[in-house]
Amino acid sequence: MNGRIDFSQYNKICVIGAPGAGKTFLAHRLAQYLGRPWIQFDELRFGPRCAGGNENSPAVCARRLGAELRRHGQWVAEGTAWQPWTEKALRQADLILVVRHGGLRRVFRILWRWLWDNRYHRGLKSTCGLIRVSLAYDRERLPIILGRIRGAGISVYEIRPSHRDNRRGAWRARPF
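The structure displayed is predicted, hence computed values, not measured ones. (Residues numbered from 1 in each chain as written. Predicted model: local features only at pLDDT ≥ 70, side-chain atom pairs only at ≥ 80, totals over all residues. Heavy atoms only, no water.)

Visitor: Explanation requested: the overall build of the chain in the structure shown.
Guide: Of the regular secondary structure elements, the chain holds 7 helices and 6 strands. Each helix (α) and strand (β) of the chain, taken in turn from the N terminus, gives the series β-α-β-α-α-β-α-β-α-α-β-α-β. Across the 176 residues in the chain, those meeting the buried criterion constitute 48%. By sequence separation, contacts in the chain at least 24 residues apart represent 72% of the contacts at least 6 residues apart. Only carbon and sulfur atoms are counted for the fraction: they give 52% of the accessible area of the chain, which is about 9400 Å². (Helix = DSSP H or I, 4+ residues; strand = E, 2+ residues; numbered from the N terminus. Buried < 20%, exposed > 50% of the residue type's maximum accessible area, 1.4 Å probe, protein only. Contact = heavy atoms within 4.5 Å. Areas by Shrake-Rupley, 256 points an atom, 1.4 Å probe, with all protein chains shown as cover.)

Structure representation (structure tokens):
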């Protein structure tokens, strides 16, 4: 981490952003760096305990997320955070990191995951839908998410990795 934000002063950190923006990479590295549990919204929604190999219902996701948040006093959570059941984690967070990356890179990452790392068994139609969500995320979904938590006293930073910074593991942050 680049030292511009003292992450150790925050107990509960949410990393959000469009699909393919690099949330999982950043959150996993941050959780390792801080020695904290890592909560993935996608695992709660599409993980191995899903009924019939599909996605869990919002009620099941909310229950599982609530259990994870109660179990740990400190955590790093990550996901797109546009579902109503993820709002609980956002409201409990001390720090929210919004990862923003260029659209072309996000599309490439989504396609790469579909072709070589398809652990959620997405089809082509679902993958194309994910690309549409990713390209519209900053314009359509992010303002709604940030509007729901405004005034809650939560620190929000925008993280914009560049290719060079990404290789060094450094990310530029600025208050959002």
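Visitor: It is not clear to me how the nonpolar core should be interpreted in this structure. Could you clarify?
Guide: Generally speaking, nonpolar side chains in soluble globular proteins are found buried as a group. By size, the foremost hydrophobic cluster in this structure holds 25 residues, and its most contacted members are C14, I16, F41, L65, W75, L90 and I96. The set of elements that each furnish at least two residues to this core consists of strand 1 (12-17), helix 2 (41-46), helix 3 (58-71), strand 3 (75-79), helix 4 (87-92), strand 4 (95-99) and helix 6 (124-149). The leading source of residues in this core is helix 6, at 5 residues. Discounting chain neighbours no more than four positions away, the residues touching W75 are N11, K12, I13, C14, R36, P37, I39, L69, A89, Q92 and A93. I5, Y10, I13 and A21 belong to the second largest nonpolar core, which has 16 residues in total. (Core = buried A, V, L, I, M, F, W, Y, C linked by side-chain atoms within 4.5 Å.)

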